[in-house]
Amino acid sequence: MINGDGDGILKTTMNKILLFFLILAPFAAEARPVSYPGGWTVMMQNSGDMHSIHTHYSPSAKYSIGLRNEYDRRDDFQNHSIQLNNLVKRWNNPDSQANFYLKSGIGYAIKKGNSDQSPSAFTGIAADWENRRYFVSYENRYVHANDITDDFHQSGRIGFAPYIGDFGDLHTWLMLQIDHHPEANNDDHLTVTPLLRLFYDTHLLETGINDNNDVLFNYIKRF
Amino acid sequence: MRFLMIATAVFFLSGTAIAKDITVNVNGMVCDFCAQSLEKVFLKEDGVQNLDISLKNKTVVIQLDDDADISDEKINELIEWAGYETAGIIR
């Protein structure tokens with residue numbers, strides 16, 4: 001536990017790290033939301049904020065459409081949406097790749113216990129850059145559902161591969177994720193999550209724990 | 001008898017597809033998901049026997065059936081359809 005000046009120093013440091021992300025990674029996604037033409041993907045994400053499952057189909061490498069079901073732990077509601085992901089631009093370079101995505105959805109939000117229900121909508125951008133050694137990403141999302149939620153969230157990542165594998169090998173990444181929730185209370189306003197990404201064949205698994213001791217567990221499977 | 005055996009072997013071998021390779025340099029191919037995308041797209045094409053992908057060399061080696069061919073334009077089109085970019089084709 002850090003108090004007083006230590007807390008201030010920590011917050012200042014975290015704000016600097018956030019600023020670093022926002023400057024360094026303006027074009028930087030936690031996971032690519034568009035697959036190969038004809039490909040299906042299931043993405044499960046679990047964190048201190050949310051549990052979600054997003055299943056999508058990619059008619060082309062430029063966009064995907066799917067269903068997203070999520071439970072927001074912070075505001076205590078479920079949100080069920082149809083989500084469209086557009087790859088707006090990809091930069092294919094000899095040793096790297098960068099992507100810029102637009103992710104939007106419309107659906108229906110239900111407060112726990114059915115006390116409140118409302119149509120919902122969200123939109124956000126995601127961007128990433130990676131080569132075989134380094135990874136940088138940024139994404140944000142604004143969700144609105146009348147009286148149930150009006151929430152903005154952004155996050156960034158940097159990653160490093162301790163070794164470089166070839167096609168078919170187990171790929172390992174060490175990553176640091178910073179989440180920024182402007183409307184959250186002080187403890188959750190800015191969180192830092194060191195995480196491990198393991199990537200083998202069509203499976204991608206991520207696990208980590210943030211500075212509030214919330215566990216992150218993500219799993220992606222492509223078909 | 002010996003002639004018959006040789007003739008039979010020649011007959012069967014002539015019907016067996018012998019792969020011929022085309023090497024394609026690909027930009028943007030940095031991870032296994034990228035490589036899998038290319039596999040999915042190319043292996044749907046008639047005449048494509050196999051794909052040998054190297055992330056290290058940034059190459060895709062297309063192995064074709066003996067009687068099959070694929071034009072550079074088609075290769076470019078498939079690479080682009082998968083979401084990537086051709087940097088060169090070596091035949």
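Predicted model only: the values in this text are computed from it and were never measured.

A.B. asks: An account of the sheet that holds strand β3 (residues 59–64) of chain B is requested, with residue identities and associated values reported.
C.D. replies: Residues and elements named next belong to chain B. The strand order across the open sheet built from 4 strands is β2-β3-β1-β4, with neighbouring strands paired in antiparallel fashion. Looking along the sheet, the strands with just one partner apiece sit at the ends: β2 (48–54) and β4 (85–90). Each neighbouring strand pair of the sheet contributes to a mean axis angle of 25 degrees, computed without reference to strand direction. In terms of strand pairing, strand β1 (residues 20–27) meets β4 through 5 bridges, oriented antiparallel. In the strand pairing of β4, T23 is matched with I90. Sheet strands in contact with helix α2 (residues 32–42) are β1, β2 and β3, and its direction is about 170 degrees off that of β2. With respect to the sheet, helix α3 (residues 72–82) is in contact with β1, β3 and β4, its orientation differing from that of β4 by roughly 150 degrees.

A.B. asks: If you had to explain α3 of chain B to someone new, which residues and values would you point to?
C.D. replies: Among all positions in α3 of chain B, only I75, L78, I79 and A82 of chain B are buried. On an axial view of α3 of chain B, the arc spanned by its buried residues comes to 100 degrees, and they lie on one face. Summarising the geometry of α3 of chain B, the exposed residues directed more than 90 degrees from the buried face are E73 and E80 of chain B. Lining the buried residues of α3 of chain B we find β4 (77–92) of chain A together with β1, α2, β3 and β4 of chain B. Backbone geometry just downstream of α3 of chain B places G83 of chain B in the positive-phi region, at approximately 110 degrees.

A.B. asks: So what's going on with a nonpolar patch on the surface? Which residues, and what values?
C.D. replies: Residues and elements named next belong to chain A. Judged by side-chain polarity, Y63, I65, L67, I82 and L84 come together as a nonpolar surface patch covering roughly 430 Å² of accessible area. If you list the elements that add at least two residues to the nonpolar patch, you get β3 (63–72) and β4. The dominant element in the nonpolar patch, judged by the number of residues it contributes, is β3, at 3 residues. Among the secondary structure elements, L67 is positioned in strand β3.

So, how was this worked out
- Residues numbered from 1 in each chain as written.
- Chains lettered and ligands numbered in written order.
- Predicted model: local features only at pLDDT ≥ 70, side-chain atom pairs only at ≥ 80, totals over all residues.
- Heavy atoms only, no water.
- Pairing = 2+ DSSP bridges.
- Helix = DSSP H or I, 4+ residues; strand = E, 2+ residues; numbered from the N terminus.
- Axes fitted to C-alpha atoms, helices over the stretch in contact; angles between N-to-C directions.
- Contact = heavy atoms within 4.5 Å.
- Buried < 20%, exposed > 50% of the residue type's maximum accessible area, 1.4 Å probe, protein only.
- Arc of directions from axis to C-beta.
- Patch = residues over 30% accessible without salt bridge, like charges linked within 9 Å, V, L, I, M, F, W, Y side chains within 5 Å.
- Areas by Shrake-Rupley, 256 points an atom, 1.4 Å probe, with all protein chains shown as cover.
- Salt bridge = Lys/Arg side-chain N within 4 Å of Asp/Glu carboxyl O.

In short, shape yes, function no, at least from these values alone.
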